[in-house]
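Summary of structural features
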Amino acid sequence: MTFKTNLLQVLTWWSGQTYGTRFYTWRFGERVGTDEFGNIYYRKPGIDPSLKFERRWVIYAGQIDGSMTPPGWYGWLHHTVDTPPTDETYVPREWQKPHLPNMTGTPLAYRPPGSISNEGTRPTVGGDYGAWTPN
């Protein structure tokens with residue numbers, strides 16, 4: 001590891017797992033599986049006394065982005081289902097879409113019609129709008 005990587009693991013949580021998380025995972029974590037993005041899922045066997053249920057967590061591959069958790073693993077992490085997707089044949093529903101990264105703040109971000117950051121001319125305001133004024 002480089003000096004920068006070590007420093008980021010000490011000081012930040014958004015650049016990957018911290019040393020505290022790495023130690024906790026090494027000490028108590030039981031690896032449950034990996035998803036298609038390379039994220040690794042863990043659990044601490046037994047009931048956690050402070051939570052009153054089993055502790056589950058994920059170590060993200062690369063930048064931490066919660067939207068990179070596939071639907072099957074999301075349900076397991078949030079205790080919606082007890083069986084992880086590795087122990088069953090999980091098939092996504094037809095309404096579940098594949099992951100798209102968060103484009104906010106990038107040139108590819110969605111800009112609705114009429115947005116000041118959208119290219120082109122803004123539509124004119126119709127006469128159906130009246131500003132609210134207090135009585």
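Below: a short report on this structure. Quick caveat, the model's predicted, so the values are computed rather than measured. Position numbers for residues start from 1 in each chain and track the written sequence from start to end. Owing to the predicted nature of the model, reporting of local features is limited to residues with pLDDT of at least 70; listing and counting of side-chain atom pairs is limited to 80 or more, with chain, interface and lining totals taken over all residues. The basis for every side-chain value is the complete set of non-hydrogen atoms in the structure, without hydrogens or water.

Take the packing of aromatic side chains next. Only rings of Phe, Tyr and Trp enter the pairing, Trp through its six-membered ring, and a pair is recorded when the two centres are within 6.5 Å. The plane angle decides the type: under 30 degrees is stacked, over 60 is edge-to-face, the rest tilted. Under the counting rule described, the total for this entry stands at six aromatic pairs. On the numbers, 4.1 Å between centres and 5° between planes, the contact of Tyr 41 with Trp 73 is stacked. Residue Tyr 41 is found in strand S2 (residues 40-44), and its partner Trp 73 is found in helix H3 (residues 71-77); the two are separated by 32 residues along the sequence. Exposure categories follow from relative accessible area, calculated using a 1.4 Å probe and restricted to protein chains: below 20% of the type maximum is buried, above 50% is exposed, and the middle band is partly exposed. Residue classification places Trp 73 among the buried residues on the basis of a relative accessible area of 5%. Pairing Trp 73 with Trp 76 gives two aromatic rings, centres 5.6 Å apart and planes at 90°, and the pair type is edge-to-face. One end of the pair, Trp 73, and the other, Trp 76, are both in helix H3, three residues apart, so they sit about a helical turn from each other. Every member of this aromatic cluster is reached through a ring pair, and the members are Tyr 24, Phe 28, Tyr 42 and Trp 57. Residue placement shows Lys 44 over the ring face of Phe 28; its charged tip is 4.6 Å from the ring centre. Working definition: helices are DSSP H or I runs of at least four residues, strands are E runs of at least two. Numbering for both runs from the N terminus. Either the NZ atom of lysine or the CZ atom of arginine qualifies as a charge over a ring when it sits within 6 Å of the ring centre and within 35 degrees of the ring normal.

So, on to the pattern of salt bridges. Any carboxyl oxygen of Asp or Glu that lies within 4 Å of a side-chain nitrogen of Lys or Arg is treated as forming a salt bridge with it. Tallied over the entire structure, the rule returns five salt bridges. With a closest N to O distance of 2.2 Å, Glu 54 and Arg 43 form a salt bridge. Of the two residues, Glu 54 sits in the loop between S2 and strand S3 (55-59) while Arg 43 sits in strand S2, which places them 11 residues apart along the sequence. A relative accessible area of 14% places Glu 54 in the buried class. Taking the shortest distance from any N to any O, the salt bridge between Arg 56 and Asp 82 comes out at 3.9 Å. On the criterion of sequence distance, the pair formed by Arg 56 in strand S3 and Asp 82 in the segment after H3 is long-range, its members being 26 residues apart. Residue class for Asp 82 comes out exposed when judged on its relative accessible area of 63%. Each of the salt bridges in this network shares a partner with another, and the network as a whole consists of Glu 30, Arg 43, Glu 54, Arg 56 and Asp 82.

Scope: geometric values only; no functional claims are made or implied.
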